[in-house]
Amino acid sequence: MPNISSKGEQKNVNIAPSINTSDVTTTVSIENKATLIIGGLIQTEQIIVINRVPILGYIPLLSYLFSSRSYVNRRSELVIFLTVTIITDDISIKKDMDKLKKVEKELKD
């Protein structure tokens, strides 16, 4: 089952941060060597950035004059491409395992 995890908002530094997760479950019928595309795991977040002039930006009434806020909206989508290969004999298993190990090595490098 595909899963997205992200660090949750941390309001207190003495408590471990929470983890936000999203899951998707699906059932499909697909032919050999066909590619399945699973999409729709969308995440949207708004980030508030506060810029302050040292010292003056922290004084209660003056802080409005010496600080600024900007809002950044970020949207991301996870799309999973899955190609199915049906293995029917030992020779195919060996070839496909060799291909898989090669791809895995390339991804690590």
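First, a word on what this report is: a plain description of the structure on this page. (Residues numbered from 1 in each chain as written. Predicted model: local features only at pLDDT ≥ 70, side-chain atom pairs only at ≥ 80, totals over all residues. Heavy atoms only, no water.)

### Focus on the overall build of the chain
And then number 1: From N to C terminus, the chain includes one helix and four strands.
And then number 2: Sequence-ordered secondary structure for the chain, helices as α and strands as β, is β-β-β-β-α.
And then number 3: A burial count over the chain gives 6% of its 109 residues as buried.
And then number 4: The contacts in the chain between residues at least 6 apart in sequence include a share of 50% that link residues at least 24 apart. (Helix = DSSP H or I, 4+ residues; strand = E, 2+ residues; numbered from the N terminus. Buried < 20%, exposed > 50% of the residue type's maximum accessible area, 1.4 Å probe, protein only. Contact = heavy atoms within 4.5 Å.)

### Observations regarding unusual backbone geometry
And then number 1: A positive phi angle, near 70°, is found at Lys 33, a position not held by glycine.
And then number 2: In this fold, Lys 33 is placed in the loop between strand 2 (19–23) and strand 3 (35–52).
And then number 3: In the Ramachandran plot, Ile 55 falls in the positive-phi region, its phi being about 70° despite a non-glycine side chain.
And then number 4: Relative to the helices and strands, Ile 55 is located in the loop between strand 3 and strand 4 (67–83).
And then number 5: Judged by relative accessible area, which is 67%, Ile 55 ranks as exposed.

### Concerning the environment of Phe 66
And then number 1: Within the secondary structure layout, Phe 66 lies in the loop between strand 3 and strand 4.
And then number 2: When the C-alpha atoms of Phe 66 and Pro 54 are compared, they prove to be 8.7 Å apart, with 12 residues separating the residues in sequence.
And then number 3: If we ignore the near neighbours within four places in the chain, the residues touching Phe 66 are Asn 51, Arg 52, Val 53, Leu 56 and Gly 57.

### Topic: the pattern of salt bridges
And then number 1: Considering all chains together, one arrives at three salt bridges under this definition.
And then number 2: With a closest N to O distance of 3.1 Å, Arg 74 and Glu 45 form a salt bridge. Pair noted here: Arg 74 is in strand 4 and Glu 45 is in strand 3, with a separation of 29 residues, a long-range link.
And then number 3: Assessed through its relative accessible area of 46%, Arg 74 is described here as partly exposed.
And then number 4: On the accessibility criterion, Glu 45 (34% relative accessible area) is partly exposed.
And then number 5: A salt bridge links Lys 94 to Asp 98, with the nearest nitrogen and oxygen atoms 3.6 Å apart. Of this pair, Lys 94 and Asp 98 both sit in helix 1 (residues 90–108), separated by four residues, roughly a single helical turn. (Salt bridge = Lys/Arg side-chain N within 4 Å of Asp/Glu carboxyl O.)

Geometric descriptors of this kind do not, in isolation, establish any biological role.
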